Number of protein chains: 2
Amino acid sequence: MLTLYSYQDSGNSYKPRLLLAHLDLLFRLVEMSSRDGSTRTPDHLARNPNGKVPLLELADGRHLAESNAMLVHLAEGTGFIPADPYDRAKMFEWLFFEQYDHEPSIAVRRALTVYPERAELATPERMADLLERGNRALGVMETRLKDHDWLAGEVMSIADISLYGYTHDAHVGGFDLSRFPGIEAWVKRIADQPGHVGIDWRPEAA
Amino acid sequence: MLTLYSYQDSGNSYKPRLLLAHLDLLFRLVEMSSRDGSTRTPDHLARNPNGKVPLLELADGRHLAESNAMLVHLAEGTGFIPADPYDRAKMFEWLFFEQYDHEPSIAVRRALTVYPERAELATPERMADLLERGNRALGVMETRLKDHDWLAGEVMSIADISLYGYTHDAHVGGFDLSRFPGIEAWVKRIADQPGHVGIDWRPEAA
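**Quick notes on the side chain of Glu98(B)**
Residues and elements named next belong to chain B.
At step 1: Here Glu98 is to be found in helix α4 (residues 85-114).
At step 2: A relative accessible area of 0% means that Glu98 is categorised as buried.
At step 3: Here the side chain of Glu98 touches Lys15 through a polar contact of 3.0 Å, side chain to side chain.

And the structure:
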């Protein structure tokens, strides 16, 4: 059986949970957090030299890090990866955009807002910079979603699952999604899909 | 024919140039730079709403952004993507690691060191933080490369091409690669491959 080392409040950990739920795959959930040091213990560093979650443990005991790499691996051979080569290339474009432009502004601003131990890092200058960079990333998404249902191709792909992870609650970090009507409609579209689960969802104990 | 919008000094732009050279694919090079504003003109924003290079223009006029998405697209069906599903998953893990942990520390510290217009951003605190985070990323690579020739599987893949982009001249940004003998040997291994080209290489004018 698959095991997912995961922090429940993390959008990065939510991404593989959401895909696993859609794929109806059984998995064991092991909760840990970078906030209490559990991701940097010797045991976890042996599993993931980068000392982070999420981390996927395959049935044979081998490990895979990086949330978007898990999405690609788990989705291989399913409809969550577009068959058309250009659509698939655009899906990858969005996955890399998510880790470079979106997560480092939108997820980080959320973390600085809600985690008390990070409050001292939330200087006015940093928060203003993150707001500007996050709104720019949302603007890039809006350019696509203002007249398309999905980010890559004509069906929901892992690009949508990945970007949903930190977009659906971007308001927690101070982002006003009502400025981006294409994104707002897309967030609702994803939440309305059969098989969708929210960030609080956990699999039944295995 | 393919067109690559590219900034010659950028490791991100070097990555697709290096793969295109290995694949012996003809392409037209259009040089532009974020440093002179040419990547944020209306013309370029129409090509790439994210206003960046590199940007790949396919023969049919459609566009693809994100250097690592270009590597995946161009390498499909070639030996630069491992056939084994786990090796391929690890290749993606390294590609996402590159954009999240490696480039934002190692490439950014290099840019703050060599581009005069960014010197005022190079505060001692920021440079110390980037050094620490970059050395941590190099440490993750060393964990793999100290006893393996390649990052994913047993042959050179686009993970190696991607990480080479900003690792091969990390010393310019103040990183001491002699602390990472596995990385030093891997850098030399890549440079010794048939078909390798350096960051200064340009295709002959088409």
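**Let's talk about the side chain of His63(A)**
At step 1: Inspection of the secondary structure assignment puts His63(A) in strand β4 (residues 63-65).
At step 2: Here the side chain of His63(A) touches Glu57(A) through a polar contact of 2.7 Å, side chain to side chain.
At step 3: Residues in contact with His63(A), not counting those within four places in the same chain, are Arg47(A), Leu55(A), Leu56(A), Glu57(A), Tyr86(B), Lys90(B) and Glu93(B).

**Comments concerning the relation of the copies chain B and chain A**
At step 1: Overlay of chain B on chain A (RMSD 0.0 Å): rotation 180 degrees, translation along the axis 0.0 Å. Both copies of the chain, as the preceding transformation shows, are related through a two-fold rotation axis. By C-alpha distance to the rotation axis, the residue of chain B lying nearest is Tyr100(B), at 2.9 Å.
At step 2: The share of interface residues of chain B whose copies in chain A are also at the interface is 100%, consistent with both copies meeting through the same surface.

**A few points about helix α6 (residues 158-167) of chain A**
All names here are of chain A.
At step 1: Buried residues dominate α6, accounting for 10 of its 10 residues.
At step 2: Within the span of α6, buried status applies to Ile158, Ala159, Asp160, Ile161, Ser162, Leu163, Tyr164, Gly165, Tyr166 and Thr167.
At step 3: Buried residues in α6 make contact with α1 (11-23), α3 (67-75), α4 (85-114), α5 (124-145) and α7 (181-191).
At step 4: Among the residues of α6, the N-terminal cap falls to Ser157, whose side-chain oxygen and the backbone nitrogen of Ala159 are separated by 3.1 Å.

**Focus on the environment of Val30(B)**
Residues and elements named next belong to chain B.
At step 1: Relative to the helices and strands, Val30 is located in strand β2 (residues 27-31).
At step 2: Here the alpha-carbon distance between Val30 and Ala170, two residues 140 residues apart in the chain, equals 26 Å.
At step 3: Every residue in contact with Val30, bar those within four places of it in the chain, is listed here: Thr3, Leu4, Tyr5 and Ser6.

**Describing the interface of chain B and chain A**
At step 1: Taken together, the contact pairs 33 residues of chain B with 33 residues of chain A.
At step 2: Counting the surface lost from both chain B and chain A, the interface buries some 3,000 Å², and carbon and sulfur atoms represent 63% of this.
At step 3: Ranking the residues of chain B by area buried against chain A places Tyr86(B), Phe96(B) and Tyr100(B) at the top, with a combined share of 25%.
At step 4: At the surface where chain B touches chain A, the tally comes to four salt bridges.
At step 5: A salt bridge links Asp101(A) to Lys52(B), with the shortest nitrogen-to-oxygen separation between them at 2.9 Å.
At step 6: For the pair chain B and chain A, the number of links is 14 residue pairs in polar contact (both at pLDDT 80 or more).
At step 7: Contributing elements (two or more residues each) for the side of chain B that touches chain A: β4 (63-65), α3 (67-75), α4 and α5 (124-145) of chain B.

**Some remarks on the domain arrangement of chain A**
Residues and elements named next belong to chain A.
At step 1: Per the domain assignment, the segments of chain A are domain 1 (2-75) and domain 2 (85-191).
At step 2: For domain 1 versus domain 2, the separation of C-alpha centres amounts to 21 Å.
At step 3: At the interface, 18 residues of domain 1 touch 18 residues of domain 2.
At step 4: Where domain 1 abuts domain 2, roughly 1,400 Å² becomes buried across the two surfaces, and 58% of that area is made up of carbon and sulfur atoms.
At step 5: The tally of links between domain 1 and domain 2 comes to three salt bridges.
At step 6: The salt bridge partner of Asp9 is Arg110, with a shortest N-O separation of 3.0 Å.
At step 7: The interface formed by domain 1 and domain 2 holds 10 residue pairs in polar contact (both at pLDDT 80 or more) in total.
At step 8: Taken together, the elements giving at least two residues each to the side of domain 1 that touches domain 2 come down to α1 and α3.

**A word on the sheet that holds strand β3 (residues 55-57) of chain B**
Residue and element names in this part refer to chain B.
At step 1: Read across the open sheet, the four strands follow the order β2-β1-β3-β4; overall the sheet is mixed. In the strand order of this sheet, the two ends are held by β2 and β4, each with one partner. Direction aside, the axes of adjacent strands within the sheet are offset by 20 degrees on average.
At step 2: Judged from the three bridges that link them, β3 and β4 form a sheet pairing that is antiparallel.

**Description of the pairing of β2(B)**
Residue and element names in this part refer to chain B.
At step 1: Relative to β2, strand β1 (residues 2-6) runs parallel, the two being bridged by five bridges. What sits directly across from Thr3, in β2, is Arg28.
At step 2: Taken together, β1, helix α1 (residues 11-23) and β2 constitute a β-α-β crossover, and its handedness is right-handed.

**Section: α4(A)**
All names here are of chain A.
At step 1: In the structure, α4 departs most strongly from a straight axis at His102, where the bend amounts to approximately 55 degrees and where the proline Pro104 lies between one and four residues downstream.
At step 2: By the criterion of burial, α4 is predominantly enclosed, with 23 of the 30 residues buried.
At step 3: The N-cap of α4, judged by a side-chain oxygen 3.1 Å from the amide nitrogen of Tyr86 a few residues on, is Asp84.

Rules used in this analysis
Residue positions are counted from 1 within each chain, in the order its sequence is given. Written order decides the labels, with chains lettered from A and ligands numbered from 1. Given that the model is predicted, a residue must reach a pLDDT of at least 70 before its local features are reported, and side-chain atom pairs must reach 80 or more before they are shown or counted; all residues, however, enter totals for whole chains, interfaces and linings. Hydrogen atoms and water are omitted, and side-chain values are computed over all heavy atoms in the structure. Starting at the N terminus, helices and strands are each numbered in turn, a helix being any DSSP run of H or I of at least four residues and a strand any DSSP run of E of at least two. Each residue's exposure class comes from its accessible area (1.4 Å probe, protein chains only) as a fraction of the maximum for that residue type: buried when under 20%, exposed when over 50%, partly exposed otherwise. Any pair of N or O atoms that falls within 3.5 Å is considered a polar contact. Within protein, one atom must be able to donate a hydrogen and the other to accept it, and sequence-neighbouring residues count only if both atoms are side-chain atoms. Here, residues are in contact when the closest pair of their heavy atoms is within 4.5 Å. The fit set for superposing copies consists of C-alpha atoms from residues with pLDDT of at least 70 in both; the fit itself is least squares. In short, buried area is how much 1.4 Å probe accessible area vanishes from two parts on joining, totalled over both. Counted as salt bridges are all cases of a side-chain nitrogen of Lys or Arg within 4 Å of a carboxyl oxygen of Asp or Glu. Residue ranges assigned to the domains are those given by an automatic or database domain assignment. DSSP calls a pair of strands paired once it identifies at least 2 bridges connecting them. Simply put, an axis is a line fit to the C-alpha atoms, just over the touching stretch for a helix, and the angle between two N-to-C directions goes from 0 to 180 degrees. Here the term right-handed applies to a crossover when the path leading from its first strand over the helix to its second strand runs clockwise, the strands being oriented away from the viewer. Across the chain, bend at a residue is computed as the angle between axes fitted to the seven residues ending at that point and the seven starting from it.

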